[in-house]
Amino acid sequence: MKKIMLTGDRPTGKLHVGHYVGSLRRRVELQNTGDFDEIFIMIADAQALTDNADNPEKVRQNIIEVALDYLACGLDPEKSTILIQSQIPELCELSFYYMNLVTVSRLQRNPTVKSEIQMRNFEASIPVGFFTYPISQAADITAFKATVVPVGEDQMPMLEQTKEIVHKFNSVYGETLVEPKILLPENQACMRLPGTDGKAKMSKSLGNCIYLSEEPDEIKKKVFSMFTDPNHIRIEDPGSLEGNTVFTYLDAFCRPEYFPEFLPEYENLDELKAHYQRGGLGDMKVKRFLNNVLQAELEPIRNRRKEFQKDIPAVYEMLKAGTEKAEKVAAETLRDVKAAMKINYFDDEELVRMQTAKYTEE
Ligand code: ATP
Ligand code: MG
């Protein structure tokens, strides 16, 4: 079986370091292994409109920002097909048919959608499109016959929903759709990177992000105002790592080579953590180290982005070409789906023959 990757992001803002450790970094690594037959990266603008219907301009503006962030991180259009969701009508058609295979109560149980509804104060007025976006995500994944979907932990319920739709479809209509596998980050800190405010998830909607394109002084400001252990008041006090965002970020970003470079008095992160827990290590010192680490990680991304920013028309051309290529694949899947569901009246010669026979026998 072919190895096909699909994943994507909503163009609701520039991409942040949560996206990077949760999915983006992995995508680029996988892309560069050359192990995949096809890679599809989707800018999910139609999904972004499900909770931004009254703000289409925001979505429109952010398409290019997401595309630039992709290129800056090393996604390569020669190896990965980058596409815009709304420009592929086949995805809507697939969603429409999948809707018959999912119950309202099943959608209501989705924990990610539940918490997103709460966050957006949608309780009394949930847009139907938003409520059903897990179904549309199943359409995206299956349209490209994805076998692997590298995402953060918040996407687990969506992958579960997709698998259920695949099983249901295949059992009712015959083996047609491919079941995807979720690929979560290996490191706990990367599964769901917290915001700089210590809140459970860094999210564009919560305004607690460090963006990939952030300038050095902004990064520094954000790192130095980050949430740590509120009970660690004097340097000599023992500190706690639990919920300590600065250490969570070090778990997500620190590489062994950063110690000799920026903090040679420690061998590794374990030593640094032990000292913090023992007492005698101040937050400022840890923050200075984290700032150096993040600056080192983000500088090459920011610089590459500036190069791509010089030719915006070329970025739109790349998106157009990727979308056209992707549409062909989605159209093929839709054809298979409609044939399996027996709604292919005009290209089924057998159907016409049978109906003719029915009336000639009379
Ligand atoms: P929005 O607030 O508009 O939903 P978002 O910041 O949640 O935006 P998405 O576009 O919904 O971003 O998510 C894109 C991808 O990034 C998904 O794979 C998701 O799991 C991952 N991701 C988003 N935020 C984080 C995070 N804080 N930690 C790890 N992964 C994340
Ligand atoms: Mg999200």
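Please refer to the structure placed before this passage.
Keep in mind that this is a model prediction, so the values were computed, not measured.

Colleague: Which parts of the structure should I look at to understand the site of ligand 1?
Modeller: Around ligand 1, a shell composed of 23 residues is seen, among which Thr12, Asp154, Leu193, Lys201 and Ser205 lie nearest. Within the side chain of threonine 12, one N or O atom sits 2.7 Å away from an oxygen atom of ligand 1. Glycine 152 is positioned such that a nitrogen or oxygen atom in its backbone is 2.9 Å from an oxygen atom of ligand 1. Coverage of ligand 1 by the protein amounts to 97% of the 600 Å² it exposes when considered alone. At the level of elements, strand E1 (4-9), helix H1 (17-33) and helix H10 (188-191) are the ones that each hand at least two residues to the shell around ligand 1. If you tally residues by element for the shell around ligand 1, the top one is H1, at 4 residues. Among the residues forming the shell around ligand 1, the class breakdown is 5 nonpolar, 11 polar and 7 charged.

Colleague: Would you mind going over the pattern of salt bridges with me for this structure?
Modeller: Where charged atoms of side chains with opposite charge meet at close range, the side chains can pair. Applying the stated criterion across every chain, the model contains 23 salt bridges. Aspartate 9 is paired through a salt bridge with arginine 27; the nearest N and O atoms lie 2.9 Å apart. A residue pair is termed long-range when its members are at least 10 positions apart, and aspartate 9 in strand E1 and arginine 27 in helix H1 qualify at 18 residues. Like aspartate 9, the residue arginine 27 is buried in the burial classification. Of the charged contacts, one joins arginine 120 and aspartate 51 as a salt bridge, the two residues approaching to 2.5 Å between their closest N and O atoms.

The rules behind each value
Residues numbered from 1 in each chain as written. Chains lettered and ligands numbered in written order. Predicted model: local features only at pLDDT ≥ 70, side-chain atom pairs only at ≥ 80, totals over all residues. Heavy atoms only, no water. Near = heavy atom within 4 Å. Polar contact = N/O pair within 3.5 Å; in protein donor to acceptor, adjacent residues only side chain to side chain. Areas by Shrake-Rupley, 256 points an atom, 1.4 Å probe, with all protein chains shown as cover. Helix = DSSP H or I, 4+ residues; strand = E, 2+ residues; numbered from the N terminus. Nonpolar A, V, L, I, M, F, W, Y, C, P; charged D, E, K, R; others polar. Salt bridge = Lys/Arg side-chain N within 4 Å of Asp/Glu carboxyl O. Buried < 20%, exposed > 50% of the residue type's maximum accessible area, 1.4 Å probe, protein only.

Keep in mind that these numbers describe shape and distance, not what the molecule does.
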